[in-house]
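As a plain string of letters, each chain reads:
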Amino acid sequence: MSSTVLIASNRGPVSFTLSDDGGLTMRRGGGGLVSGLSEVVRDTDVLWVCAALSDGDRGAVRQAPGGRLDRAFDTGPIRMLDIPPAVFHRAYNAVANSTLWFVNHLLYNTPFAPEFGTRFRREWESYRTYNGAFALALAEEAAHRARVMVQDYHLTLTPAMLRVERPDLRIAHFSHTPWAPPEYFALLPEDVVAEVLTGILGADHAGFLTARWARAFMDCCETLLGAQVDHAARTVTHDGRTTRIGVHPLGVNGEALLARAAEQDVESHMTVIRDLVGDRKLIVRIDRTELSKNIVRGLRAYQEFLAAHPEWHGRVVHLAFAYPSRHDLPEYREYTAAVQRCAKEIEDEYATEDWDPLILNVNDDYPRSLAAYRMADVLLVNPIRDGMNLVAKEGPILSPRCALVLSREAGAAAELGADSLLVNPYDVSGTAAALYAALTLPEQERLTRGLRLREAATALPPQRWFEDQLAALR
């Protein structure tokens with residue numbers, strides 16, 4: 001049956017685990033993108049096209065006619081693509097996560113990387129193949145003039161490829177990451193720059209989380225591609241086609257988050273945290289050990305704060321959740337180790353028999369994260385660069401008196417900056433000073449700022465974010 005609305009993303013709404021006896025166990029897919037979109041499309045007939053990420057996923061696909069899991073398992077409409085593991089690894093790890101992610105987050109240590117040689121060319125060919133598999137599946141599944149919403153940096157080539165297969169479709173692409181300025185994006189080989197930009201311009205509508213990232217994309221199209229750009233109208237015209245550029249800040253469903261945070265498993269974690277922390281003030285951070293999240297500098301800032309303010313010794317605890325991320329990549333394994341080394345330094349320098357100044361946890365636990373949000377006096381969100389950062393929005397919803405220390409380089413700063421304590425993510429001393437200011441913020445100011453932060457965080461919940469983009473394709 002052809003679908004009138006389709007979503008395409010690397011990760012899907014479900015995943016499968018293969019047991020020793022060959023059985024398959026289905027569970028909800030992970031990741032922020034999946035969580036947000038799953039909430040929106042629940043109980044709809046939107047077809048979700050995604051990749052098989054594991055042996056369990058591939059086993060499920062092979063049992064499902066044409067990869068349509070809804071015909072073999074109890075799911076909503078899903079088509080999962082069994083892309084060869086070697087092709088997937090090169091496309092996902094080598095190109096998407098080690099190249100495009102690094103470029104758009106400005107993460108390269110340029111004396112040593114990037115280096116685009118023969119090996120990269122093989123990896124790029126796999127990225128093309130991977131995007132082509134999505135384009136072909138979408139073309140097969142879409143009804144006449146269906147609306148297709150392609151998600152993120154994994155699938156930058158898919159819109160143009162799909163346009164060739166099915167010119168009747170209405171296609172959107174959405175970037176959940178920042179976008180690099182032209183001088184940095186030009187680190188990529190010229191032909192790759194052109195492929196990525198024209199790939200996205202194959203869409204009728206290209207969406208971004210903030211006006212800043214949309215502007216950077218348009219600047220790249222103008223400077224590196226020679227496209228005609230109308231910044232006021234937010235359009236890019238290239239090769240006779242015009243793509244509209246949209247800005248769609250993603251917010252939080254406050255009611256759903258509050259309801260989930262009131263459940264018993266969260267309450268149990270709050271009891272455990274309360275036993276650990278006592279009546280001390282609590283500085284919280286919740287992140288993946290992702291290079292762009294800047295966890296090490298955040299820990300250094302807390303270390304400087306303790307050095308500058310001995311009067312706070314024994315009166316504050318930093319609860320830092322640094323959940324595993326992309327451990328297939330050596331840079332991420334080393335970064336996790338660096339986080340743990342820094343945490344140990346703080347413990348060795350300041351811990352006493354009756355005070356642990358820092359509690360670091362690297363085991364992912366969503367209910368525990370919600371408990372920490374609810375108890376936070378200060379929330380530290382200091383990424384080097386971030387497309388949006390929903391942690392900055394979730395915290396104020398669950399803790400009305402929480403002071404937010406926020407990087408000016410997070411996309412959320414465009415909406416939350418006025419009521420946050422904004423920091424330069426590279427300025428460790430400045431971040432330490434912001435932590436002190438946040439801890440000593442007068443109570444009434446905390447509550448006033450918190451109210452405005454909650455209003456901003458819930459202004460564009462996922463449902464509206466999704467519907468606005470669908471409307472743009474009519």
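For the structure itself, consult the block above.
The notes below deal with the structure included here. (Residues numbered from 1 in each chain as written. Predicted model: local features only at pLDDT ≥ 70, side-chain atom pairs only at ≥ 80, totals over all residues. Heavy atoms only, no water.)

**Quick look at the overall build of the chain**
So, point 1. Regarding its fold elements, the chain presents 18 helices and 17 strands.
So, point 2. Here the C-alpha radius of gyration of the chain, 23 Å, is about what a compact globule of 474 residues would show, namely 23 Å.
So, point 3. Counting only C-alpha atoms and orienting by the principal axes, one finds that the chain spans roughly 65 × 55 × 45 Å.
So, point 4. Counting only residues that meet the buried cut, the chain has 58% of its 474 residues in that class.
So, point 5. Counting only contacts in the chain whose residues sit at least 6 apart along the sequence, the fraction spanning at least 24 positions is 74%.
So, point 6. Counting every atom, the chain has about 19,300 Å² of accessible surface; 51% of that belongs to carbon and sulfur.
So, point 7. A distance of 3 Å separates the average location of the 50 positive side-chain charges in the chain from that of its 61 negative side-chain charges. (Helix = DSSP H or I, 4+ residues; strand = E, 2+ residues; numbered from the N terminus. Rg over C-alpha atoms; globule rule 2.2 N^0.38 Å. Buried < 20%, exposed > 50% of the residue type's maximum accessible area, 1.4 Å probe, protein only. Contact = heavy atoms within 4.5 Å. Areas by Shrake-Rupley, 256 points an atom, 1.4 Å probe, with all protein chains shown as cover. Lys, Arg positive; Asp, Glu negative; His and termini not counted. Charge placed at Lys NZ, Arg CZ, Asp CG, Glu CD.)

**Focus: the sheet that holds strand S6 (residues 142-151)**
So, point 1. Read from one edge of the open sheet, nine strands run S5-S4-S1-S6-S7-S8-S11-S10-S9, paired in mixed fashion. Two strands in the sheet have a free side with no partner beyond their single neighbour: strand S5 (78-81) and strand S9 (228-230). Taken over all neighbouring pairs, the strand axes of this sheet differ in orientation by 20° on average, direction set aside.
So, point 2. In this sheet, S6 lies alongside strand S1 (residues 3-8) in parallel orientation, the contact comprising five bridges. Within the sheet, the bridge partner assigned to Ser3 lies in S6 and is Ala142.
So, point 3. Each of strand S7 (170-175), strand S8 (205-208), strand S10 (235-238) and strand S11 (241-247) is contacted by helix H7 (residues 190-201), which is oriented at about 115° to S10, the strand it contacts most. (Pairing = 2+ DSSP bridges. Axes fitted to C-alpha atoms, helices over the stretch in contact; angles between N-to-C directions.)

**Here we look at the pairing of S6**
So, point 1. Most of S6 is tucked away: eight of the ten residues are buried.
So, point 2. As paired strands, S6 and S7 are joined by five bridges and run parallel to one another. If you follow Arg147 over to S7, its bridge partner there is Arg170.
So, point 3. Running through helix H5 (residues 158-165), the crossover from S6 to the neighbouring parallel element S7 is right-handed. (Right-handed = clockwise from strand over helix to strand, strands pointing away.)

**Digging into unusual backbone geometry**
So, point 1. In this structure, Pro114 follows Ala113 across a cis peptide bond, with omega equal to 10°.
So, point 2. For Asp152, which is not glycine, the phi dihedral falls at a positive 80°.
So, point 3. Note that Asp152 resides in the loop between S6 and H5.

**Observations concerning the packing of aromatic side chains**
So, point 1. On inspection of all chains with the given rule, the structure shows 17 aromatic pairs.
So, point 2. Seen from their ring centres, Trp101 and Tyr153 are 5.4 Å apart, and the 55° between their planes marks the pair as tilted. Of the two residues, Trp101 sits in helix H3 (residues 85-104) while Tyr153 sits in the loop between S6 and H5, which places them 52 residues apart along the sequence. Residues Trp101 and Tyr153 agree in their burial class; the two are buried.
So, point 3. Considering the side-chain rings of Phe120 and Trp124, the 6.1 Å spacing of their centres and the 25° angle between planes classify their relative orientation as stacked. A residue pair is termed a helical-turn pair when its members lie 3 or 4 positions apart in one helix, as Phe120 and Trp124 do in helix H4 (residues 118-141) at four residues. Like Phe120, the residue Trp124 is buried in the burial classification.
So, point 4. An aromatic cluster is built from Phe88, Tyr92, Tyr130 and Phe134, whose rings are joined through pairwise contacts.
So, point 5. It is Arg368 that lies over the ring of Phe321; its NZ or CZ is 4.8 Å from the centre. (Phe/Tyr/Trp six-rings, centres within 6.5 Å; stacked < 30°, edge-to-face > 60°. Lys NZ or Arg CZ within 6 Å of the ring centre and 35° of its normal.)

**Some thoughts on the pattern of salt bridges**
So, point 1. Across all of its chains, the model carries 31 salt bridges by this definition.
So, point 2. We note a salt bridge from Asp168 to Arg166, for which the minimum N-O separation is 2.9 Å.
So, point 3. On the basis of relative accessible area, Asp168 is assigned to the buried category, the value being 18%.
So, point 4. Residue Arg401 pairs with Glu443 through a salt bridge whose shortest N-O separation is 2.8 Å. In this pair, Arg401 sits in the loop between helix H14 (391-398) and strand S16 (403-407) while Glu443 sits in helix H17 (residues 443-457), placing the two residues 42 residues apart along the sequence.
So, point 5. Relative accessible area serves as the criterion here: at 23%, Arg401 is assigned to the partly exposed category. (Salt bridge = Lys/Arg side-chain N within 4 Å of Asp/Glu carboxyl O.)

**Looking at H17**
So, point 1. Taking 1.5 Å as the rise per residue, H17 with 15 residues should run 21 Å; its terminal C-alpha atoms sit 21 Å apart, in good agreement.
So, point 2. Taken together, the buried positions of H17 are occupied by Arg446, Arg449, Gly450, Leu453, Ala456 and Ala457. The arc enclosing the buried residues of H17, seen along the axis, measures out at 125°, which places them on a common side. Along H17, the residues that are exposed and aim more than 90 degrees away from the buried face are Gln444 and Glu455. (Expected span 1.5 Å × (residues − 1). Arc of directions from axis to C-beta.)

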